[in-house]
Amino acid sequence: MKAFMDQDFLLKTKTAQVLYHEIAEHCPIIDYHCHIPPQEIAENRTFENITQVWLAKDHYKWRLMRANGIDESYITGSVSDYDKFVKWCETIEKCIGNPLYHWSHLELQRYFDYHQPIKKEDAEMIWNHCNEKLMHTPMSARDLILKSNVKIICTTDDPIDSLKYHQAITNDKTFTPSVLPTFRPDRAMNILAKDYADYINSLSSITIPIKTYDDLMKSLASRAQYFKEQGCLLSDHGIGEIKIIQASDEEIEEIFQHAITTKPITEKMFYQFQTRFLLDIAKIVSHCEWVMQLHYGCIRDTNTKMFEQLGKDSGYDCVMNSQSTNGLSELLNLFLQQDTLPKTIVYSLNPNDNAAITTLVGCFNDGHVVNRVQQGSAWWFNDHKQGMIDQLTTLASGNILTNFIGMLTDSRSFLSYCRHEYFRRILCNLLGTWIEDGEYPDDKEFIQNCVKAICYNNAVDYFNLDLEKI
């Protein structure tokens, strides 16, 4: 029997162990999609206890606690941080097979040097151990980033964000990792939102008066240029379902006027507006020479009662069963027809879309850019062991795995860089197994270069980063 989560965790063959320990383990991290608050990096936040750094913003963990019958007061409520910590320990020991079981143990191992199983009965001892580390070991936000060997962090930012914290980080030459904004204009597209008119007014206040749809696009183009000046590399677009319905300029203007005057919006009007918006945003993204991220297949804020109480990103989203890959095909084709198809990364929250995405992205590669259109990593509810294996094997079967740009955290936690380790172990085990099963030659130099590429070098190339490859 193997030891619990030891140094060869998930590495079942000698080849896998060599690939991970000699190569993948030492690759720096480019975290090109996350939700880390730049203010906390700029101010180099410190944490009074482990709950603040481990549980406070992690809605992955919140969902499991609710599933375990934990009262909301112990999750997002006002009870003590210690009591919240105990309830999480009570929950996680039950979560065999869930990725959070592995992630949580990796986080305690890597940052707190705690290597025992997490149990409710040991909660007080673990609490004291981790808090002692927080008090006497460099464990600020920046310390955790440096300890994790992170070179680039791309946060997720609204066009109305001032980016003042990004500027402060850039101007501080004592901190070497780059923290770059990502342009996410979802609120400008979501004409069904109750606060849409208020949002447009906010955008107007920092750009130009927005009276028409054309004004909206000019305003967003202005903000995109500002983001580019601050080092932005990507745009990001969260879409529920991709459904293409074209409309005339006059129809789009009428829909926009409905939205800013809070008149009713039909389903058809919504998809007409979303279609035009994405087509016009692609022009802006192409002009900025950014990478566009399209992620879809998610039903958000399903529990309206809890949404009203806690707001978005609190653990009430789920997988959408949709036909969005049909719409995605039309959308990418329209980008190409208007000569504004940027480098694009596609993610679906529905794992059933893996094969469709793998084959679809291959239809839009032109021989000039390596994987101009990329299949993104196993995302959100899919970034568990089997989800990563499925995504990697599907990608390998239908495209070129060694051109893949690798993992991201998609997280709000400074401890989540362990997800890169988790991915790298799974990747090395998959490659090692293929080699030892005789399905791939034991060409040490080539396969090690493949690991370096997927873990780091491909991202350097794809995002045109001024970083030395390894």
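None of the values given here were measured: they were computed from a predicted structure.

A. How the structure looks around the overall build of the chain. Helices and strands together make up the secondary structure of the chain, namely 20 helices and 9 strands. Computed over its C-alpha atoms, the radius of gyration of the chain comes to 23 Å, within 12% of the 23 Å expected for a compact globule of 470 residues. Seen through its principal axes, the chain has C-alpha atoms that stretch 70 × 55 × 45 Å. Considering the chain as a whole, with its 470 residues, one finds that 56% of them fall into the buried category. Look at the contacts in the chain between residues 6 or more apart in sequence, and 76% of them connect residues 24 or more apart. Per element, the accessible surface of the chain, about 20,100 Å² overall, is 48% carbon and sulfur. Each charge sign in the chain was given a centre, from 45 positive and 63 negative side chains, and these centres are 2 Å apart.

B. Examining the pattern of salt bridges more closely. Taken as a whole and assessed by the stated rule, the structure comprises 21 salt bridges. Residue Lys57 pairs with Glu40 through a salt bridge whose shortest N-O separation is 2.3 Å. Of the two residues, Lys57 is situated in the loop between helix 3 (50-54) and helix 4 (59-67) and Glu40 in helix 2 (residues 38-42); the sequence distance between them amounts to 17 residues. Here Glu40 falls in the buried class, since its relative accessible area comes to 13%. A salt bridge links Lys218 to Asp214; the nearest nitrogen and oxygen atoms lie 3.3 Å apart. One end of the pair is Lys218 and the other is Asp214, both in helix 12 (residues 213-229) and 4 residues apart, which spans about a single turn. Taking relative accessible area as the criterion, Asp214 reaches 43% and is therefore assigned partly exposed. One continuous salt-bridge network, built from bridges that share partners, spans Glu40, Arg45 and Lys57.

C. Geometry of the side chain of Asn371. Tracing the sequence through the fold places Asn371 in the loop between helix 17 (354-361) and strand 9 (373-375). For Asn371, a relative accessible area of 8% translates into the label buried.

D. Just the packing of helix 6 (residues 99-112) against helix 19 (residues 418-436), in detail. Here helix 6 crosses helix 19 at 115 degrees, and the two axes come no closer than 9 Å. Taken together, helix 6 and helix 19 sit at an angle that is classed as roughly perpendicular. Between helix 6 and helix 19 lies a crossing of right-handed hand. Along the contact surface, helix 6 presents Pro99, His102, Trp103, Leu106, Glu107, Arg110 and Tyr111, while helix 19 presents Cys418, Arg419, Glu421, Tyr422 and Arg425. In terms of residue class, the contact of helix 6 with helix 19 is built from 6 nonpolar, 1 polar and 5 charged.

Each value, and the rule that gives it
- Residues numbered from 1 in each chain as written.
- Predicted model: local features only at pLDDT ≥ 70, side-chain atom pairs only at ≥ 80, totals over all residues.
- Heavy atoms only, no water.
- Helix = DSSP H or I, 4+ residues; strand = E, 2+ residues; numbered from the N terminus.
- Rg over C-alpha atoms; globule rule 2.2 N^0.38 Å.
- Buried < 20%, exposed > 50% of the residue type's maximum accessible area, 1.4 Å probe, protein only.
- Contact = heavy atoms within 4.5 Å.
- Areas by Shrake-Rupley, 256 points an atom, 1.4 Å probe, with all protein chains shown as cover.
- Lys, Arg positive; Asp, Glu negative; His and termini not counted.
- Charge placed at Lys NZ, Arg CZ, Asp CG, Glu CD.
- Salt bridge = Lys/Arg side-chain N within 4 Å of Asp/Glu carboxyl O.
- Axes fitted to C-alpha atoms, helices over the stretch in contact; angles between N-to-C directions.
- Parallel < 35°, antiparallel > 145°, perpendicular 65-115°, else oblique.
- Left-handed = near helix turned anticlockwise from the far one by under 90°.
- Nonpolar A, V, L, I, M, F, W, Y, C, P; charged D, E, K, R; others polar.

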